[in-house]
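Per-entry structural report
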Amino acid sequence: MEAKTVHSPALTYFSMLSLLSLCPPFVILLWYTMVHADGSVVQTWNFLKQHGLQGFLEIWPRPSAIAWKIIFVYGAFEAALQLILPGKRVEGPISPTGHRPVYKANGMAAYFVTVVTYISLWWFEIFNPTVVYDHLGEIYSALIFGSLIFCVLLYIKGHVAPSSTDSGSSGNLIIDFYWGMELYPRIGKSFDIKVFTNCRFGMMSWAVLAITYCIKQYEANGKVSDSMLVNTTLMLVYVTKFFWWEAGYWNTMDIAHDRAGFYICWGCLVWVPSIYTSPGMYLVNHPVNLGTQLALYILVTGILCIYINYDCDRQRQEFRRTNGKCKIWGKAPSKIEASYTTTSGETKTSLLLTSGWWGLARHFHYVPEILASFFWTVPALFNHFLAYFYVVYLTILLLDRAKRDDDRCRSKYGKYWKLYCNKVPYKIIPGIY
Ligand code: NDP
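Rules used throughout
- Residues numbered from 1 in each chain as written.
- Predicted model: local features only at pLDDT ≥ 70, side-chain atom pairs only at ≥ 80, totals over all residues.
- Heavy atoms only, no water.
- Helix = DSSP H or I, 4+ residues; strand = E, 2+ residues; numbered from the N terminus.
- Rg over C-alpha atoms; globule rule 2.2 N^0.38 Å.
- Buried < 20%, exposed > 50% of the residue type's maximum accessible area, 1.4 Å probe, protein only.
- Contact = heavy atoms within 4.5 Å.
- Areas by Shrake-Rupley, 256 points an atom, 1.4 Å probe, with all protein chains shown as cover.
- Lys, Arg positive; Asp, Glu negative; His and termini not counted.
- Charge placed at Lys NZ, Arg CZ, Asp CG, Glu CD.
- Expected span 1.5 Å × (residues − 1).
- 1 Å grid on protein atoms, 1.4 Å probe; cavity = no way out; pocket = protein on both sides within 12 Å on 5 of 7 lines; lining within 4 Å.
- Points joined across faces, edges and corners; volume = space filled by probe spheres on them.
- Nonpolar A, V, L, I, M, F, W, Y, C, P; charged D, E, K, R; others polar.
- Near = heavy atom within 4 Å.
- Polar contact = N/O pair within 3.5 Å; in protein donor to acceptor, adjacent residues only side chain to side chain.
- Phe/Tyr/Trp six-rings, centres within 6.5 Å; stacked < 30°, edge-to-face > 60°.
- Pairing = 2+ DSSP bridges.
- Salt bridge = Lys/Arg side-chain N within 4 Å of Asp/Glu carboxyl O.
- Axes fitted to C-alpha atoms, helices over the stretch in contact; angles between N-to-C directions.
- Parallel < 35°, antiparallel > 145°, perpendicular 65-115°, else oblique.
- Left-handed = near helix turned anticlockwise from the far one by under 90°.

From N to C terminus, the protein chain includes 18 helices and 6 strands. Expected size for 433 residues packed as a compact globule is a radius of gyration near 22 Å; at 22 Å, the protein chain falls within 12% of this value. Along the three orthogonal principal directions, the C-alpha set of the protein chain runs to about 60 × 55 × 45 Å. Across the 433 residues in the protein chain, those meeting the buried criterion constitute 56%. A separation of at least 24 residues holds for 76% of the contacts in the protein chain among residues at least 6 apart in sequence. Counting every atom, the protein chain has about 20200 Å² of accessible surface; 66% of that belongs to carbon and sulfur. Looking at the protein chain, you have 37 positive and 27 negative side-chain charges, and the mean spots of the two groups are 9 Å apart.

Given below as structure tokens:
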């Protein structure tokens, strides 16, 4: 089957060149600045000004044997949990070619086993997580090169052994490699590669690294600052929420629309472990003392934001799962019955919720998502901007995502989406935008 090209070759080349030339150096420079330059962009800038390209190459850690070992043991452990742990059978959304992927929902169990195992390894002095922190640069470097090899293998698999009908070539090698060929690549019948890269490797590494940073600060100073505690707790609550709702994530754009290519895999295998965890990385050697009251205030507000974000996703899924026969904020939901035509020419209907959180704005759920990231970063206070990089990045990402999703829904639902836009005119922030 020929893949429908949603991205033009020019955009693909530009995007790929930018990603390859800017993001890997950025990951390394961010790590270097956080760990070796006091979190100060100015300090790193001065170093680079003085030492030039040679200095930059000296900063770049080589992927060491221990880094590869850590990545392989972690990856193998997560893959084994994904395969072995029991879980409910869950069906994903029906794809444009009429295929419905089936999953084993064991994310929460995998998360629980991972966290308990990691903390136990430290507690019983079998493996010290500070080793991970001390080789973090080498690990990121190995991930940068490793993910490239991984995506070449994915590309070859897409050509020679696609797992389902939701696959195909655009006829352009770069587009195929970059945006991906398969929507649901699997090894065998049940090992879903996107669940592995996006959830069990990427999102899980967020929790593992958050714990690592906390333990590193404890081992270095003999105590954990309240700012670090707030940061680690909020990030862990967020990742717990993610795994609690993992089967819902399998219905989102990342899984149901974006093919497994370099763009998304690189994001999950490198960008999430490095950039998403960076506020914690910053706090390791910047232990701020907030005082109990302020710490609790930030913690509770952060948890509230994570809860609201969760509730938005839950409301949408509950509404779709029950075919609109549920209560939204205590009342029968208001809705639009939107019909659309699949690529195979079939007419289908989807329900669009127009009350509850989804009646406030079309992508209101991004507001608490961005605020939560602010609340787990603000314990760092305002000495260095770099700690806030993730918040800024996430804001740009979600503004763009709201636009991409709106465009996609407009072309899918046509006049029904227009009706929804008339009823719910704001894109993200009610009354403002
Ligand atoms: P979703 O895919 O969950 O929601 C958008 C989809 O829902 C649309 O494509 C449409 O799909 C359907 N939809 C749209 N409007 C309605 C409505 N009114 N009623 C019912 N269905 C509707 O969004 P995201 O993937 O963007 O977000 C999911 C979660 O992931 C959020 O919590 C978000 O904050 C988080 N997220 C986090 C990111 C991060 O990097 N930290 C990045 C992106 C998301 P359909 O075709 O089925 O109609």
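Next comes the rest of the description.
Okay, helix α1 (residues 9–36) next. Here α1 contains 28 residues, and its C-alpha end-to-end distance of 39 Å stays within 8% of the 40 Å for a straight helix at 1.5 Å per residue. Looking one or two places after α1, you find D38, whose phi comes out positive at around 60°.

What follows covers helix α9 (residues 226–244). Spanning 19 residues, α9 covers 26 Å between terminal C-alpha atoms, matching the ideal 27 Å at 1.5 Å per step. With 14 of its 19 residues buried, α9 lies for the most part within the structure.

Across all of its chains, the model carries 1 cavity of 30 Å³ or more by this definition. Lining the largest cavity we find C151, L154, Y155, D176, F177, G180, M181, E182, A260, G261 and F262. Where the lining of the largest cavity is concerned, the elements lending two or more residues are α6 (136–160) and α7 (173–179). Considering every element that reaches the lining of the largest cavity, the biggest residue donor is α6, with 3 residues. Classifying every residue of the lining of the largest cavity gives 7 nonpolar, 2 polar and 2 charged.

A few words now on the site of the ligand. Taken together, 28 residues surround the ligand, and among them D313, Y366, E369, D405 and Y413 come closest. The side chain of E369 places a nitrogen or oxygen atom 2.5 Å from an oxygen atom of the ligand. Looking at the shell around the ligand, the elements with two or more residues in it are α14 (292–321), β6 (347–353), α16 (366–377), α17 (389–413) and α18 (415–423). Looking at which element gives the most residues to the shell around the ligand, the answer is α17, with 10 residues. Among the residues making up the shell around the ligand, the classes are represented as 17 nonpolar, 3 polar and 8 charged.

Tallied over the full model, the rule gives 43 aromatic pairs. Consider the rings of F374 and Y388, whose centres lie 6.2 Å apart with planes at 40°: the pair is tilted. Placement of F374 in helix α16 and of Y388 in the loop between α16 and α17 is noted, with a sequence separation of 14 residues between them. With relative accessibility at 9%, the residue Y388 sits in the buried group. With centroids separated by 4.9 Å and ring planes inclined at 75°, the aromatic side chains of W417 and Y420 adopt a geometry described as edge-to-face. Of this pair, W417 and Y420 are both found in helix α18, 3 residues apart, which corresponds to roughly one turn of the helix. Neither residue differs from the other here; W417 and Y420 are each classed as buried.

A separate point is unusual backbone geometry. A positive phi angle, close to 60°, is found at D38, a residue other than glycine. For D38, the location among the structural elements is in the loop between α1 and α2 (41–59). A residue is classified by how much of its surface remains accessible, and D38, at 40% relative accessible area, is partly exposed. Notably, N323 is not glycine yet its phi reads approximately 60°, a positive angle. Position of N323 among the secondary structure elements: in the loop between α14 and β5 (335–341). On the basis of relative accessible area, N323 is assigned to the partly exposed category, the value being 48%.

Side chains I336, A338 and Y340 of β5 all project onto a buried face; the interleaved residues K335, E337, S339 and T341 project onto a face where none is buried. As paired strands, β5 and β6 are joined by 7 bridges and run antiparallel to one another. Residue pairing in the sheet places K335 in a bridge with L353 of β6. Between the end of β5 and the start of β6, which pair antiparallel, lie 5 residues, with G345 showing a positive phi angle near 90°.

Take the environment of L360 next. Relative to the helices and strands, L360 resides in helix α15 (residues 357–360). Relative accessible area serves as the criterion here: at 32%, L360 is assigned to the partly exposed category. Separated by 65 residues in the primary sequence, L360 and P425 have C-alpha atoms spaced 8.8 Å apart. Aside from chain neighbours lying at most four places away, what touches L360 is W329, V424, Y426 and P430.

Turning to its location among the elements, L419 is positioned in helix α18. For the pair L419 and I336, spaced 83 residues apart in sequence, the C-alpha to C-alpha distance is 8.1 Å.

This next bit is on the side chain of D226. Tracing the sequence through the fold places D226 in helix α9. Buried charge D226 goes without a salt bridge, the closest partner of opposite sign being K223 at 9.2 Å. Among the polar contacts listed, one links the side chain of D226 to the backbone nitrogen of G291, at a separation of 2.8 Å.

For the pair helix α4 (residues 107–123) and helix α8 (residues 193–221), the least separation of the axes is 11 Å and the interaxial angle reads 25°. In terms of axis orientation, α4 runs roughly parallel to α8. Classified by chirality, the crossing of α8 by α4 is right-handed. Every residue of α8 that contacts α4 at G107, A110, Y111, T114, V115, Y118, I119 and W122 is listed here: R200, M204, A207, V208, I211, T212, I215, Y218 and E219.

Without other data, these values stay purely geometric and don't point to any function.
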